[in-house]
Amino acid sequence: MRVDNPILAERMREQATAPIGAADAPLFIANLTVAYADKPALWAIDYTAPVGGLIGIVGPNGAGKSTLLKAVLGLVPTVAGEVRVFGRPIGQARERIAYVPQRSSVDWDFPTTALDVVAMGLYGRIGWFKRVRRRHLNFALERLDQVGMAEFADRQIGQLSGGQQQRVFLARALAQDADLMLLDEPLAGVDAATEATILNVLRDLKAQGRTALVVHHDLQTVTDYFDHVALLNGRMIAAGPTGEAFTEATLLDAYGGRLATSEIRAAGAGD
Amino acid sequence: MDRTLIDLLLLQGGFNTTLVTVGAALLGAGAGVIGAFTLLRRQALISDAISHATLPGVALGFLASLALFGDGRIAWMLMLGALATGGLGILATQWIRDHTRLREDAAIGTVLSVFFGLGIVLLSHIQTLKSGGQAGLEAFLLGSTAAMTTSEAWLIAGGSAVVVLATLAMLKEFAAVCFDADHARALGWPVAKIDLAMTFLLLAVLSVGLKTVGLILIIALVIIPPVTARFWTERLGKMVALSGVFGAVACYFGAALSASAPALPTGSLVVLTAAAMFSVSLLLAPARGLVAHGIRLTRFRRRLMLRQALLRLDQGEPMVPRAMRRLIRLGVLDPEGAPTAFGRAMARDASHDHLLWTRYLARHPDEAFAVTGWGTRPITEVLSPDQVDALEAIDQ
Amino acid sequence: MSDVILADFLTIDLPAMLAGSLAALGCALVGNFLILRRQALIGDAISHVVLPGIVLAFIVTGTIAALPMMLGALAAAVVAVGLIELIRHLGRLETGAAMGVVFTTMFAGGVLMLERSAGRGAHLDVQHALYGSLEALLWLGPTDWASLLRPEVLAELPDEIVMLAAVTGSIIATVVLFYKELKISTFDAALADALGYPSKWIGVGLVLATGITAVAAFQAVGSILVIAMFICPPATARMLTDNLARQIWLSGGIAVLAGVLGYLLAAFAPQLFGTVGSLNAAGMIAVVAGLMQTLAMLFAPRYGAVAQSGFVGSLKRSKT
């Protein structure tokens, strides 16, 4: 449709250029709405992730935390809205993102070793048809070492403990050398050593100016672990530096009756 | 439609043909009914393993009855053989699935192809024997009612009737296990035994129907009618009944049609009739059909877009050009792109409605996203007046 | 071995063994990925819809030339997989049910077309489609081992074997060339997409490879044996190793072994028992493959049922 009206045309031009200002952000989301069949799961999410942020995505079960990551990656269809990664549509920015899926979504019986899995993170750089070389495996081994898993390199992945599996997938994300990391519940059900390792790695990444979005379920540790929070319950309740976005009021808003006030206090939310 | 087909459909085609046609209809009903439960137990393709696994049984039944009675084509011996190796096929599939690292799809594929291979080997052995009647065995592959004897027809009709009656007798038990096996177990139902009965009836109906529809296509009888029925209803009882009816119609029509002219294989006609009913349902069923689904989805997207645009209008935020054009068409914005009085009122209403929806989400998060129309339809259309009043009363 | 017996062997038995083994090898290599993707039954569905594809190609072109048949069958495979996805998605059905609807309907259509057309006269019938016709392959020409490689003798190779060799060769090349791509898209489709290997298109490629091998093997060994070869050798290898590359080559070896052993058993076992005639070779190859898989499922060193129950047993003993 051609627009003859000068005022409307002006507005449209404004809007067409509007996102550019935020478009350099590692992740820019505008009006993102996702629905399964005809029930909305994410409602008009607006969000801009800061460069070098270590961001916790927090919210009750079914709040759409995993759906948000999947929508960013284009793994679930969206009804409305826009996602930009470093100013580009997701299709053109895939090499700058690494994704660590939930443990339950992986076929742990697959005939492959820990080192193999980490090496897969390099496939993008290796390119079509070319084989995995010794130097690629060495690089993958270094990443495994970075998460303290070098001695398990030849182990079939199903024979690792839950925490070890999580570290292998983190090492794979490291091998991808991405600037934006999306991690879906990496700290769920892992041992203390793994938790410490993962946090160290995430902080290193932050120090290098990379950005990480981490779906997190444990309210008690949010303030210790993350400098930014995105509080989600179908819609974006609050987003920003932890001290501002993770407060008693926002938590009440997100969790409603599902959380006792004492639990919110215990979470150490600022007020 | 020619004269003969109408005769056949009206059961005027002679006693034997009538018996075959009625028997086929009973078979279809039995398969449809038991198939509905199989589908709900997510075991549709186990029947593929079972049906192929019956072939060596048929061949062994032939050899056994040849040795015992001097005639290889004694129908109940063949059927017994089919039941035996079909049952063995079920056990093998379950063992592979439960006791090795191989998954169900590989287990089914292994059993169906290896048992079938064994059946072919046995058939090739039978071909070399100097006895009559081997030719009839090929009917088990693709189904044929043409050369069916009266005793075979009685066996099929009787066997199908038994399956239908047994399934009806156990309707309540099957329904309980299909709906929630753990719950049924907690209530003290013998779930494993009920499961076994269900599997046995499936095996029985597949063995009984081999001769009519053929072992390659018979699984269509336990899959297509229930899947078709699923499009028309959300209720178990109705689905089982519909599935039985669809199965009966497909078999009845297929058998009659195939008797009307030569070179019309019964199995193919039965399956194609069932597939035609499926296609119509897929497209036109009122709630789950494609057309209805498409209309619903389009409406939902429209409502969602309108609602989000109105909210943005009320907040004074920018919106996408497409939404803007839509609002102009609706008279919410004037052609200049500025809101009209009507538009302001609508935006205010939408904003208030959304506030209530947001409160609802905050207080009843579990219900909120389960309810159809959260955030897209006026809250008064979805929630009861009491609920809306309670939400209005909250002051924030 | 006397000259006459050797010549018979080279003319009758060798081409059948070659065809059986080549078909088994090609199917098994593809089957590894089908099994790991939990799509073993896609192989089942595709091998069933090959029939309507071939019949339709015959009705349209009026010939039984290899190329139109191959294209017809491939088209049928793609249509079937597309329909399965469509019905599964739009009808909200589980894959198994959607598959059951699609392949039985297409197969039924194929049988009906076959019975109604003149296809029966043209060496196209349902029996052959199911059983294959390994025994009908003859290599007229070779008289002794040394003659096998002479150009004029090679020129006499049955067309089916030449096609099978070409197809199996390209499958081997494809698996070697695309090993990395197949592996990553099978293990983690999301990562494959993220790294620029479109998993959906690799999946379509796998369906095409499945279709091509199924069609090539179909003529010689029949559609049911095709399923056995897609599944049994990879499943056997799967029981024996945790290394994907090793699993693939192992499955190839197992497939060839099953092809040779199965044929020999079918051709010569009746004579050992003093009866005349021979058994269906395609069926016997499937049975041998099934037996090998059963042995592996029971006695595989680490994952076999015996070792597993022994392991569990020893754990229990160590606890007390």
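On a predicted model such as this, the values are computed, not experimentally measured, just so you know.

Draft legend 1. Broad picture of the overall build of chain C. When you go through chain C residue by residue, the secondary structure sums to 14 helices and 0 strands. The C-alpha atoms of chain C give 21 Å as radius of gyration, which agrees with the globular expectation for 320 residues (20 Å, within 12%). Considered along the principal axes of its C-alpha atoms, chain C spans approximately 65 × 50 × 35 Å. Out of the 320 residues in chain C, the part that is buried amounts to 59%. Entry remark: accessible area of chain C is about 12,600 Å², with carbon and sulfur atoms responsible for 70%. Within chain C, one finds 16 positive and 18 negative side-chain charges whose respective centroids are separated by 20 Å.

Draft legend 2. Representation of a nonpolar patch on the surface within the structure. All names here are of chain B. A cluster of nonpolar residues, Val-280, Leu-283, Leu-284, Val-291 and Ile-295, forms a patch on the protein surface that exposes about 440 Å² of accessible area. Broken down by secondary-structure element, the contributors of at least two residues to the nonpolar patch are helix 13 (266-284) and helix 14 (290-315). Counting residues per element, the nonpolar patch draws most heavily on helix 13, which supplies 3 residues. Inspection of the secondary structure assignment puts Val-280 in helix 13. Residue classification places Val-280 among the partly exposed positions, given a relative accessible area of 44%.

Draft legend 3. Representation of the interface of chain C and chain A. Counting residues at the interface gives 28 residues for chain C and 28 residues for chain A. Across the chain C to chain A interface the summed buried area is about 2,400 Å²; carbon plus sulfur atoms make up 62%. Where chain C touches chain A, the interface holds 4 salt bridges. Between Lys183(C) and Asp116(A) there is a salt bridge whose closest N-O contact spans 2.8 Å. Summed over the shared surface of chain C and chain A, the number is 10 residue pairs in polar contact (both at pLDDT 80 or more). Contributing elements (two or more residues each) for the side of chain C that touches chain A: helix 7 (159-177), helix 8 (179-187), helix 9 (189-194) and helix 12 (244-272) of chain C.

Draft legend 4. Local environment of the interface of chain B and chain C. Listed as interface residues are 57 residues of chain B and, on the opposing side, 55 residues of chain C. Between chain B and chain C, roughly 4,800 Å² of surface is buried when both sides are summed, and carbon and sulfur atoms account for 74% of that area. For the interface between chain B and chain C, the tally reads 1 salt bridge. The partner of Asp242(C) in a salt bridge is Arg101(B), with the nearest N and O atoms 2.9 Å apart. Here chain B and chain C share 8 residue pairs in polar contact (both at pLDDT 80 or more) between them. Broken down by secondary-structure element, the contributors of at least two residues to the side of chain B that touches chain C are helix 3 (46-69), helix 4 (75-99), helix 5 (104-128), helix 6 (139-142), helix 11 (219-230), helix 13 and helix 14 of chain B.

Draft legend 5. Geometry of the sheet that holds strand 4 (residues 80-85) of chain A. Pairing is antiparallel across the open sheet formed by 4 strands, whose spatial order is 2-1-4-5 (chain A). Edge positions in the open sheet fall to strand 2 (39-49) and strand 5 (88-89) of chain A, since each of these has one partner strand only. The pairing of strand 1 (residues 27-36) of chain A with strand 2 of chain A spans 7 bridges and is antiparallel. Among the inter-strand pairings, Ile29(A) is bridged to a residue of strand 2 of chain A, identified as Tyr47(A). Contacting strand 1, strand 2 and strand 4 of chain A, helix 2 (residues 65-73) of chain A crosses the sheet at an angle of about 110° to strand 1 of chain A. The strands touched by helix 14 of chain B are strand 1, strand 2 and strand 4 of chain A; relative to strand 2 of chain A, the strand with the most contacts, the crossing angle is about 40°.

Draft legend 6. Layout of the sheet that holds strand 8 (residues 211-215) of chain A. Residues and elements named next belong to chain A. If you walk across this open sheet you meet the 6 strands as 6-7-8-3-9-10, and the pairing is mixed. The open sheet has two edge strands with one neighbour each: strand 6 (97-100) and strand 10 (235-241). Taking the axes of each pair of neighbouring strands and ignoring which way they run, one obtains an average angle of 15° across the sheet. Contacts from helix 2 reach strand 3 (54-58), strand 6, strand 7 (180-184), strand 8 and strand 9 (228-233), with the element oriented near 145° to strand 7. In the packing of helix 11 (residues 248-255) onto the sheet, the strands contacted are strand 3, strand 9 and strand 10, and the crossing angle to strand 10 comes to about 155°.

Draft legend 7. Quick peek at the side chain of His354(B). On the secondary structure map, His354(B) appears in helix 16 (residues 341-363). Since its relative accessible area comes to 12%, His354(B) is described here as buried. Apart from residues lying up to four places away in sequence, His354(B) is in contact with Trp43(A), Arg307(B), Leu311(B) and Trp374(B).

Draft legend 8. Up close: the confidence of the model for chain B. Model confidence for chain B is summarised by a mean pLDDT of 86, while 94% of its residues fall at 70 or above. Put simply, helix 1 (residues 3-9) of chain B is where chain B has its lowest mean pLDDT, 67, and helix 11 of chain B is where it has its highest, 94.

Draft legend 9. Structural view of the side chain of Ser199(C). Within the element layout of this structure, Ser199(C) appears in helix 10 (residues 199-221). For Ser199(C), the residues in contact, after removing those within four places along its chain, are Ser185(C), Ala189(C), Ala192(C) and Asp193(C).

Draft legend 10. The packing of aromatic side chains, seen in detail. If you walk through the whole model with that rule in mind, you get 12 aromatic pairs over all chains. Above the plane of the ring of Phe139(A) lies Arg143(A), whose end atom (NZ or CZ) is 4.4 Å from the centre. Above the plane of the ring of Tyr123(A) lies Lys180(C), whose end atom (NZ or CZ) is 5.7 Å from the centre.

Draft legend 11. Representation of helix 8 (residues 171-179) of chain B within the structure. Residue and element names in this part refer to chain B. Every buried residue of helix 8 is listed here: Phe-174, Ala-175, Val-177 and Cys-178. Around the axis of helix 8, the buried residues are gathered within 170° of arc, so they sit on the same side. Of the exposed residues in helix 8, those oriented more than 90 degrees away from the buried face are Lys-172 and Phe-179. Considering only its buried residues, helix 8 is in contact with helix 2 (15-40), helix 7 (150-169), helix 9 (181-186), helix 10 (191-213) and helix 12 (236-260).

Draft legend 12. Just the domain arrangement of chain B, in detail. The domain boundaries assigned to chain B delineate domain 1 (2-284) and domain 2 (291-392). Taking only C-alpha atoms, the centre of domain 1 of chain B and the centre of domain 2 of chain B are 52 Å apart.

Draft legend 13. Local environment of the pattern of salt bridges. Taken as a whole and assessed by the stated rule, the structure comprises 24 salt bridges over all chains. Here Arg312(B) makes a salt bridge to Asp46(A), at a shortest N to O gap of 3.7 Å. You can see Arg312(B) sitting in helix 14 and its partner Asp46(A) sitting in strand 2, one on each of two chains. On the basis of relative accessibility, which here comes to 40%, the residue Asp46(A) falls in the partly exposed class. A salt bridge links Glu104(B) to Arg97(B); its shortest N-O distance comes to 3.1 Å. For Glu104(B), a relative accessible area of 25% corresponds to the partly exposed category. Linked through salt bridges whose partners overlap, the residues forming this network are Asp109(A), Arg101(B), Arg238(C) and Asp242(C).

Draft legend 14. Geometry of the confidence of the model for chain C. The predicted model of chain C averages 86 in pLDDT, with 93% of residues at 70 or higher. In the model output, the complex is listed with pTM 0.86 alongside ipTM 0.90.

Draft legend 15. Structural context of unusual backbone geometry. Phi is positive for Asn31(A), close to 55°, though the residue is something other than glycine. On the secondary structure map, Asn31(A) appears in strand 1. Here the phi dihedral of Arg42(B) falls at roughly 55°; this positive angle occurs in a residue that is not glycine. Tracing the chain through its elements places Arg42(B) in the loop between helix 2 and helix 3. Since its relative accessible area comes to 57%, Arg42(B) is described here as exposed.

Thresholds applied
Residues numbered from 1 in each chain as written. Chains lettered and ligands numbered in written order. Predicted model: local features only at pLDDT ≥ 70, side-chain atom pairs only at ≥ 80, totals over all residues. Heavy atoms only, no water. Helix = DSSP H or I, 4+ residues; strand = E, 2+ residues; numbered from the N terminus. Rg over C-alpha atoms; globule rule 2.2 N^0.38 Å. Buried < 20%, exposed > 50% of the residue type's maximum accessible area, 1.4 Å probe, protein only. Areas by Shrake-Rupley, 256 points an atom, 1.4 Å probe, with all protein chains shown as cover. Lys, Arg positive; Asp, Glu negative; His and termini not counted. Charge placed at Lys NZ, Arg CZ, Asp CG, Glu CD. Patch = residues over 30% accessible without salt bridge, like charges linked within 9 Å, V, L, I, M, F, W, Y side chains within 5 Å. Salt bridge = Lys/Arg side-chain N within 4 Å of Asp/Glu carboxyl O. Contact = heavy atoms within 4.5 Å. Buried area = accessible area lost by both parts, 1.4 Å probe. Polar contact = N/O pair within 3.5 Å; in protein donor to acceptor, adjacent residues only side chain to side chain. Pairing = 2+ DSSP bridges. Axes fitted to C-alpha atoms, helices over the stretch in contact; angles between N-to-C directions. pLDDT = per-residue confidence, 0-100. Phe/Tyr/Trp six-rings, centres within 6.5 Å; stacked < 30°, edge-to-face > 60°. Lys NZ or Arg CZ within 6 Å of the ring centre and 35° of its normal. Arc of directions from axis to C-beta. Domains from an automatic or database assignment.

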